[in-house]
Amino acid sequence: MIILKYLAILGRYLIVMGRTFSVPEKMRMFFKSYVKEMAQLGVNSIGIVLLISFFIGAVICIQMKLNIQSPWMPRWVSGYTTREIMLLEFSSSIMCLILAGKVGSNIASELGTMRVTQQIDALEIMGVNSASYLILPKIMGMLTIMPFLVIFSSATGILGAYATAYVGHVLPPDDLTLGLQHSFKPWFMWMSIIKSQFFAFIISSVPAFCGYTVEGGSVNVGKASTDAVVTSSVLILFSDVFLTQLLS
Amino acid sequence: MIETKNLCKSFESREVLKDISTVFEDGKTNLIIGQSGSGKTVLMKNLVGLLDPTSGQVLYDGRDFVAMSKSEKVHMRREMGMIFQSAALFDSMTVLENVMFPLDMFSTMNLRERTKRAMDCLDRVNLVGAEEKFPGEISGGMQKRVAIARAIALNPKYLFCDEPNSGLDPKTSLVIDDLLQGITKEFNITTIINTHDMNSVMGIGENIVFIYEGHKEWQGKSDEIMHSTNTRLTDFIFASDLLKNMRQLVIEKENTK
């Protein structure tokens, strides 16, 4: 019975996505919304991404120095592991989990409120494909802005690590630089960006679906917002396993 | 002209609309009245295609809306305007942007022409000066007037209003009623208003359909209500003692003539 329930939800999600990915009625209106969504969902998230990445980069570096580095380990190990963690997991997966909370709840509550206040009905009555008009710019906006967020996150994480070296004197900056440059594979950067594209799709489309299909009142909007964050977080973690296996 | 033929709508086992056949005439303010929960909103949602009827037909000038393909329905909807109970204005847009929205989406006008058309619509509803405000910054009555301006921006052939006076004071309600009646005559629109405001019923109702527990109980003009022998209708319209006494006075006055 529960399988049938989830299959029904998947079916409804695919129907909404089918309506979403249709040619916009007016390209001028689409680009206007697209730019607005990039700013609202992406640019407005830069602050939190930079803040969290900086501190996580610093904390990883300190932890590695304190717990891993020993006379038996090369002196570049702290820098090396900090870079690998930031690049392979934090800047793509963990950052997207954080964004699932911020962006996901924003999208779900915005669309949910539009649904319960009949704004989506008003669009439908006008003959507008409401799914395409409202959801497509959000998905495209997130997909466009996500690689920049990943790059900014990685760079800021490294800056955080340097802060521990220069300001905290946890390890010598030269050792950190040596570790950061050790066996660098540019593919890892691409892997991070490719993974983030999948996650960007999840954190924009799943909350959009949850909000768009709300029925009832404000309580249900709140519930949809929570469902959106939980579902997209679970899907990010689940797909992370497959994508890491597939891309490694 | 909009016509419904044997329109039925059920939600699972619950039958909400029962075999409704009626005609809504061109250039007139057609009213759907009935108690809360009688099926008025469901009937209107079936008319505009937000719900699909279980059986029956909805004919727009002879064209069966229910049988139309999705693209035909989308095309058809561009001939409709709708004013929702909550006004349903886009709260991220200013008043002017709200009115310009249908023009931006569907007209081939340039920006200057679209702005002029939107300003004309705002002028028609006496809202010039409020164009830069956001829906959250204006009163409920003004929001309804913006919704009217938005609904008429594309010169619709059919105008639907779901309880346009809900939540408004009697004076503002009269303003909205006058606007709707004026627009109906001016543009020869088929206007359908869903209401349980008795001032609207007696003031602007040219063709009134009374829905009782999902079926059409009565249809007629506002002046026929006074003399109607349908007790369900008179119980609904003249529910208060004040209105009952007024009706009695009117009938007595007419009899003494």
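Cut-offs applied
Residues numbered from 1 in each chain as written. Chains lettered and ligands numbered in written order. Predicted model: local features only at pLDDT ≥ 70, side-chain atom pairs only at ≥ 80, totals over all residues. Helix = DSSP H or I, 4+ residues; strand = E, 2+ residues; numbered from the N terminus. Rg over C-alpha atoms; globule rule 2.2 N^0.38 Å. Buried ≥ 20, exposed ≤ 12 C-beta atoms within 10 Å, placed from the backbone. Contact = placed C-beta atoms within 7 Å. Pairing = 2+ DSSP bridges. Axes fitted to C-alpha atoms, helices over the stretch in contact; angles between N-to-C directions. Domains from an automatic or database assignment. Core = buried A, V, L, I, M, F, W, Y, C linked by C-beta atoms within 7 Å. Expected span 1.5 Å × (residues − 1). Bend = angle between axes of the 7 residues up to and from the residue. Nonpolar A, V, L, I, M, F, W, Y, C, P; charged D, E, K, R; others polar. Arc of directions from axis to C-beta. Parallel < 35°, antiparallel > 145°, perpendicular 65-115°, else oblique.

**Overview of the overall build of chain B**
Then comes step 1: Assigned secondary structure in chain B consists of 10 helices and 10 strands.
Then comes step 2: Its C-alpha atoms give chain B a radius of gyration of 19 Å, near enough to 18 Å, the size a compact globule of 257 residues would have.
Then comes step 3: Taken along the three principal axes of its C-alpha coordinates, chain B extends 60 × 40 × 30 Å.
Then comes step 4: A total of 257 residues make up chain B; the buried ones form 40% of that total.
Then comes step 5: When contacts within chain B are restricted to residue pairs at least 6 apart in sequence, those whose partners lie at least 24 apart make up 66%.

**Remarks on the overall build of chain A**
Then comes step 1: Each helix and strand counted, chain A has 9 helices and 0 strands in total.
Then comes step 2: Taken over the C-alpha atoms alone, chain A extends approximately 70 × 45 × 30 Å along its principal axes.
Then comes step 3: Per-residue burial over chain A gives 44% buried out of 248 residues.
Then comes step 4: Of the contacts formed within chain A by residues at least 6 apart in sequence, a portion of 85% connects residues at least 24 apart.

**Describing the sheet that holds strand β7 (residues 158-162) of chain B**
All names here are of chain B.
Then comes step 1: Taken in spatial order, the 6 strands of this open sheet run β6-β7-β8-β3-β9-β10, and their pairing is mixed. Bordering the open sheet on either side are β6 (80-83) and β10 (215-220), each of which pairs with just one other strand. Direction aside, neighbouring strands of the sheet carry axes that sit 15° apart on average.
Then comes step 2: Relative to β10, strand β9 (residues 207-212) runs antiparallel, the two sharing 5 bridges. Bridge pairing links I211 to K216 in β10.

**Some remarks on the domain arrangement of chain B**
Then comes step 1: Annotation of chain B at the domain level lists domain 1 (1-79 + 156-224) and domain 2 (89-155).
Then comes step 2: With 12 residues of domain 1 of chain B at the contact, the number on the domain 2 of chain B side is 11 residues.

**Some words on the nonpolar core**
Burial of nonpolar side chains together is a common tendency in soluble globular proteins.
Then comes step 1: Core analysis: the largest hydrophobic core is formed by 120 residues, its most contacted members being I203(A), M82(B), V99(B), A147(B), A149(B) and F160(B).
Then comes step 2: Summarising the domain contributions, this core has at least three residues from each of domain 1 (1-79 + 156-224) and domain 2 (89-155) of chain B.
Then comes step 3: Those residues within four positions of A149(B) in sequence are excluded, and the remaining contacts are V99(B), C121(B), L122(B), R124(B), V125(B) and L127(B).

**A closer look at helix α4 (residues 77-116) of chain A**
Residue and element names in this part refer to chain A.
Then comes step 1: Taking 1.5 Å as the rise per residue, α4 with 40 residues should run 58 Å; its terminal C-alpha atoms sit 54 Å apart, in good agreement.
Then comes step 2: The largest bend along α4 reaches roughly 50° and is located at F90.
Then comes step 3: Where burial is concerned, most of α4 is hidden: 29 out of the 40 residues are buried.
Then comes step 4: Phi turns positive, to about 65°, at Q118, one or two residues after α4.

**Concerning the sheet that holds strand β5 (residues 63-64) of chain B**
All names here are of chain B.
Then comes step 1: Pairing within the open sheet is antiparallel, and its 4 strands lie in the order β2-β1-β4-β5. What marks the edges here is a single partner per strand, and that holds for β2 (14-24) and β5.
Then comes step 2: Here 5 bridges tie strand β1 (residues 2-11) to strand β4 (residues 55-60), and the two strands are oriented antiparallel to one another. Paired with K5 across the strands is Q57, a residue of β4.
Then comes step 3: Here helix α1 (residues 40-48) sits on the sheet in contact with β1, β2 and β4, set at roughly 65° to β2.

**Here's the deal with the interface of chain A and chain B**
Then comes step 1: Contact with chain A, which involves 13 residues of that partner, is made by 15 residues of chain B.
Then comes step 2: Examining the composition of the side of chain A that touches chain B, we find that 6 residues originate from one element, helix α5 (residues 119-126) of chain A, more than from any other.
Then comes step 3: Taken together, the residues of the side of chain A that touches chain B sort by class into 5 nonpolar, 4 polar and 4 charged.

**Concerning helix α4 (residues 111-124) of chain B**
All names here are of chain B.
Then comes step 1: An ideal rise of 1.5 Å per residue puts 20 Å on 14 residues; α4 measures up with 20 Å between its terminal C-alpha atoms.
Then comes step 2: Within the sequence span of α4, burial applies to A118, C121 and L122. In a view along the axis of α4, the buried residues occupy a sector of 100°, so they form one face of it. Residues of α4 that are exposed and angled more than 90 degrees away from the buried face: R112, E113, K116 and D123.
Then comes step 3: Buried positions along α4 lie against α3 (95-106) and α5 (140-152).
Then comes step 4: In the stretch just after α4, N126 is the one whose phi turns positive, near 55°.

**So, the packing of helix α6 (residues 130-166) of chain A against helix α7 (residues 173-181) of chain A**
Residues and elements named next belong to chain A.
Then comes step 1: In contact at an axis separation of 9 Å, α6 and α7 are set at 155° when each is read in the N-to-C sense. The orientation of α6 with respect to α7, classified from their angle, is roughly antiparallel. Across the interface between the two elements, I158, A161, Y162, A165 and Y166 of α6 pack against P173, L176 and L180 of α7.
Then comes step 2: Tallied by class, residues from the contact of α6 with α7 come to 8 nonpolar, no polar and no charged.

**Concerning the environment of S173(B)**
All names here are of chain B.
Then comes step 1: As for its placement among the helices and strands, S173 is situated in helix α6 (residues 170-187).
Then comes step 2: A C-alpha to C-alpha distance of 33 Å links S173 and R112, two positions 61 residues apart in sequence.
Then comes step 3: Discounting residues that sit within four places of it in the chain, S173 has contacts with N165, L168, D197 and N199.

**Some details on the pairing of β1(B)**
All names here are of chain B.
Then comes step 1: Pairing between β1 and β2: 7 bridges, direction antiparallel. What sits directly across from L7, in β2, is I20.
Then comes step 2: As consecutive antiparallel partners, β1 and β2 are separated by 2 residues, and within that stretch E12 has a phi angle of approximately 55°, a positive value.

**Description of the environment of R77(B)**
Then comes step 1: Tracing the chain through its elements places R77(B) in helix α2 (residues 70-77).
Then comes step 2: Between the alpha carbons of R77(B) and V48(B) there is a distance of 7.7 Å; along the sequence they are 29 residues apart.

**Quick word on the environment of G127(A)**
Residue and element names in this part refer to chain A.
Then comes step 1: Tracing the backbone through its elements, the reader meets G127 in the loop between α5 and α6.
Then comes step 2: Taking the C-beta count within 10 Å as the criterion, G127 has 20 such neighbours and is therefore assigned buried.
Then comes step 3: Spatially, the C-alpha atom of G127 lies 10.0 Å from that of E25, the residues being 102 residues apart in sequence.

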